[in-house]
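# Summary of the model geometry
One-letter residues, chain by chain:
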Amino acid sequence: MTAVEEEQVVPAVPETPPRAAGLIRAAWAFPQAKVGTVLAGVVILVALLGPWLGPIITGHTTTDFAGKPFKPDGLMGTDGLGRDVLTRFLAGGTTLLLYAVLATALGIVLGALLGMIAGYGGGWLDSLLMRGNDVLLSFPQLVIALLAIAVIGPKGWLLVLVIGLTHAPRTARVARQATVSVRNHDYIRAAEMYAVPRSRILLREILPNITGPLMVELGLRLTYSIGYIASLSFLGLGIQPPAADWGLMINENRIALVVQPWGVLLPVVAIAVLAVGTNLVADSLASAAAGRTREGRA
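Computed from a predicted structure; not experimentally measured. (Residues numbered from 1 in each chain as written. Predicted model: local features only at pLDDT ≥ 70, side-chain atom pairs only at ≥ 80, totals over all residues. Heavy atoms only, no water.)

### Some words on the overall build of the protein
Each helix and strand counted, the protein has 12 helices and 0 strands in total. In the protein, the succession of α and β elements from N to C terminus is α-α-α-α-α-α-α-α-α-α-α-α. On the principal axes, the C-alpha backbone points of the protein span a range of 75 × 50 × 30 Å. Residues counted as buried form 45% of the 298 residues belonging to the protein. Sequence separation of at least 24 residues holds for 77% of the intrachain contacts in the protein that already meet a minimum separation of 6. (Helix = DSSP H or I, 4+ residues; strand = E, 2+ residues; numbered from the N terminus. Buried < 20%, exposed > 50% of the residue type's maximum accessible area, 1.4 Å probe, protein only. Contact = heavy atoms within 4.5 Å.)

### What to know about the UniProt feature "transmembrane region" (unreviewed entry) in the protein
UniProt annotation of "transmembrane region" (unreviewed entry) refers to residues 35–53, 96–122, 142–166, 222–239 and 259–282 when read in the numbering used here. Here residues 35–53 runs as 100% helix and 0% strand, with 25 Å between its end C-alpha atoms. As annotated, residues 142–166 comprises 88% helix and 0% strand, and the C-alpha atoms at either end are separated by 9 Å. (UniProt positions renumbered as here; feature names shortened; annotations may be inferred.)

### Section: the confidence of the model for the protein
On average, the protein scores 85 in pLDDT, and the residues at 70 or more come to 91%. Taken as a whole, residues 1–17 scores under 50 in pLDDT and shows 47 contacts with residues more than four places along the chain or in a different chain. Note on residues 292–298: pLDDT is under 50 here. Beyond four places in sequence and across chains, it has 10 contacts. (pLDDT = per-residue confidence, 0-100.)

As structure tokens, this is what we get:
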């Protein structure tokens, strides 16, 4: 499994970007949003409830010896150390989801803040922040993560920090474009006329009116966070043994794919379904943010 650096796509921002509640309602009108929600919801439920359901269903914990290595004993067989595959699968998604959500939240918050400051401030501040942003964008996310892990070691907080920081420049571009589109509106001018502090203008006037593009970016960044964390775990640079993790399970069981395929197939299918589900939701949010209708959608 490898993570491929995505091409930066800035969603189209209408003259008045929709707010979050209206954007979600508009996105829900697309059938793919419903399909994506169901797909992602199923995997999320498995990841959240799995650590408690696994021992009940199989009678084993994630580290118990359940049988001979790579044997079809039990419901889904065993892995290379004789541990129950189903138990480890059910327990393996929680950490992945947690790290992905935290990294995405960090990237969205930092990127939105930088983008709003650059877009609203304009002038030399905008140029300085965006040129620095372009420098960071020139480095592939996975390469930065590999370099940081090689220096410090595979730590959970480091995964969240590095992936979140590398998401921020991409989010900043979207936030800046959305901010530029609303900064000359009458409600912004009125706030400036009454000498409202810039921090309040950014948080109370601009931020609520650019949540549409940010919601789209949130869905995209979450999809990529899942892929990056799973890829690093597969490479042995993410979540470490003996923890149960989907990316780690693929690496541990790939040598016996023909003999005992469940140790690889279960996490691969779960990661794929989760990524497809979140991507469908993000695509629906992008369509809604661009002002498309169900009938006129390409």
